[in-house]
Amino acid sequence: MPGHRVESDDGWTTVTSSGKRRGRRAPKVSSNGSKRNVSSASAIAVNVVDEKRAQRTVDAIRRHIVLFDGPCKRMLTTIKEAVAPRCVQQIVCFGLGSMTASDSRNVHSRLQLALLITMARTWDVAAPSLCAYDPVFTATDKRVLDTFGIATLEGNNEGKYPAREEEDGITLFYMPHCDKWLYSNLLWANWNARSMRRIVIIGNSFEAYVGALGKKASPNDCVRLVQPYAVEKELRASFSPQDERDRPKDAAAAKLAFSDTSVISFPGSSVDRAQDAGLFKCRPDEKTLGIKTC
Ligand SMILES: C[S@@+](CC[C@H](N)C(=O)[O-])C[C@H]1O[C@@H](n2cnc3c(N)ncnc32)[C@H](O)[C@@H]1O
């Protein structure tokens, strides 16, 4: 049945059925920029703008993906070196941010997502072993993630996610620009030698964190406790001078999207040292910090 379209300021389009229902109360259309659109038996809400935004985001991410096979290829090599000789069996991504948000930060989330997709393809990791969570994800973000075969985790585990049990495989925790407490919670959830050997983290430099903290760190800060046993490699988006001239916008955005980012791993010998030093005998107190968004 043909419908009548009412376009609101926030881009929501309400399609009301014509004919029989004429004379009934008009369906409410949100006008305050929020996504509260009231549906009723007489109204079918179709978010046309959201659909277009999702498609534009998918297209932009596809354009970004080629960077990791071109100017930023070195980044993937760095990650592979940190993982070798093992392979990645699971990729868990925290703190990506909203890649469909209409502010300038979404370009970083999109670039970071493009690398996530590239890594998943490299090791052939698929959902449910390929998953992401950020409390700011919208339905449109989840749709974009789904398009690329990435599952969205339900519920906020505050980063307390244990690594997979398989002997040879790595769980790669991809946490670009997360707050320190989230890395600390992740380490807390993997506070034993077996798990520590099986995780690789891509995130902010632990060395830089510890350097900045000095003696102020809390005794329960897992980042500070494990940092002496971690091996870090800087993950820099370094474009060649020619690539930088050809793609100045991409180069500038990628530098910021991966600023202060490292691949952090715990090789067997380092974990043995940590164990000998009694690091895992006593697990720090658990922290429950609630949702923090930036
Ligand atoms: C500093 S922002 C980084 C956003 C994006 N990756 C970037 O580089 O612009 C930290 C992100 O962590 C997310 N975050 C907060 N609590 C979280 C949780 N419990 N699990 C996963 N992500 C969380 C925030 O919502 C936010 O998007």
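The rules behind each value
- Residues numbered from 1 in each chain as written.
- Predicted model: local features only at pLDDT ≥ 70, side-chain atom pairs only at ≥ 80, totals over all residues.
- Helix = DSSP H or I, 4+ residues; strand = E, 2+ residues; numbered from the N terminus.
- Buried ≥ 20, exposed ≤ 12 C-beta atoms within 10 Å, placed from the backbone.
- Contact = placed C-beta atoms within 7 Å.
- Pairing = 2+ DSSP bridges.
- Axes fitted to C-alpha atoms, helices over the stretch in contact; angles between N-to-C directions.
- Parallel < 35°, antiparallel > 145°, perpendicular 65-115°, else oblique.
- Nonpolar A, V, L, I, M, F, W, Y, C, P; charged D, E, K, R; others polar.
- pLDDT = per-residue confidence, 0-100.
- Core = buried A, V, L, I, M, F, W, Y, C linked by C-beta atoms within 7 Å.
- Right-handed = clockwise from strand over helix to strand, strands pointing away.

**Some words on the overall build of the chain**
So, point 1. Looking only at helices and strands, the chain has eleven helices and ten strands in total.
So, point 2. Split into buried and exposed, the 294 residues of the chain put 35% on the buried side.
So, point 3. Across the chain, every contact between residues at least 6 apart in sequence was considered, and the portion connecting residues at least 24 apart equals 71%.

**Observations regarding unusual backbone geometry**
Both trends apply: most residues other than glycine have a negative phi, and most peptide bonds are in trans.
So, point 1. At the junction of Ala84 and Pro85, the peptide bond is cis and its omega measures out at 5 degrees in the coordinates.
So, point 2. Cis geometry marks the peptide bond from Ala127 to Pro128, where omega comes out at 5 degrees.
So, point 3. As for its position among the elements, Pro128 is in the loop between α3 (106–123) and β5 (130–133).
So, point 4. Phi is positive for His177, close to 60 degrees, though the residue is something other than glycine.
So, point 5. Positive phi outside glycine occurs at Asp260, with the angle close to 55 degrees.
So, point 6. As for its position among the elements, Asp260 is in the loop between α10 (248–257) and β10 (261–265).

**So, the pairing of β10**
So, point 1. Most of β10 is tucked away, with five of its five residues classed as buried.
So, point 2. Here β10 shows no split at all, with Thr261, Val263 and Ser265 on one side and Ser262 and Ile264 on the other all buried.
So, point 3. Where strand β8 (residues 199–204) lies against β10, five bridges are found, and the strand directions are antiparallel. For Gly203, the partnering residue across the bridge sits in β10 and is Ser262.
So, point 4. Pairing between strand β9 (residues 231–234) and β10: four bridges, direction antiparallel. In the sheet register, Lys233 faces β10, and the bridge partner there is Val263.

**Regarding the packing of α3 against α10**
So, point 1. Contact geometry of α3 with α10 gives a least axis separation of 9 Å together with a crossing angle of 80 degrees. Comparing the axis directions of α3 and α10 gives the class roughly perpendicular. Contact residues: α3 offers Val107, His108, Leu111 and Gln112, while α10 offers Ala253, Ala254, Leu256 and Ala257.
So, point 2. Of the residues contributing to the contact of α3 with α10, the split by class is six nonpolar, two polar and no charged.

**Structural notes on the sheet that holds β9**
So, point 1. On the basis of which strands lie adjacent, the open sheet formed by seven strands has the order β6-β5-β4-β7-β8-β10-β9 and mixed pairing. The open sheet has two free edges, formed respectively by β6 (151–152) and β9, since each of these has just one partner strand.
So, point 2. Across the face of the sheet, α3 comes into contact with β4 (88–94), β5 and β7 (170–174) while running at roughly 165 degrees to β4.

**Structural notes on the confidence of the model for the chain**
So, point 1. Residue-level pLDDT values for the chain average 84, and 81% of them are 70 or greater.
So, point 2. Note on residues 1–38: pLDDT under 50 across the span, and 54 contacts to partners over four residues away in sequence or across chains.

**Digging into the nonpolar core**
So, point 1. One finds Ile91, Leu116, Leu172 and Met175 to be the most contacted residues of the largest nonpolar core, which totals 65 residues.
So, point 2. The leading source of residues in this core is α3, at nine residues.
So, point 3. Ignoring anything within four residues of it in the chain, the contact list for Leu116 reads Ile91, Cys93 and Tyr174.

**Looking at helix α5 (residues 180–189)**
So, point 1. By the criterion of burial, α5 is predominantly enclosed, with seven of the ten residues buried.
So, point 2. Buried-residue contacts for α5 involve β4, β7, β8 and α8 (222–226).

**Section: the pairing of β4**
So, point 1. Judged by how many residues are buried, β4 sits mostly within the fold: six of seven residues are covered.
So, point 2. Direction of pairing for β4 relative to β5: parallel, over a ladder of four bridges. Across the sheet, the residue bridging to Phe94 is Tyr133, located in β5.
So, point 3. Note on the crossover from β4 through α3 to β5: the handedness is right-handed.

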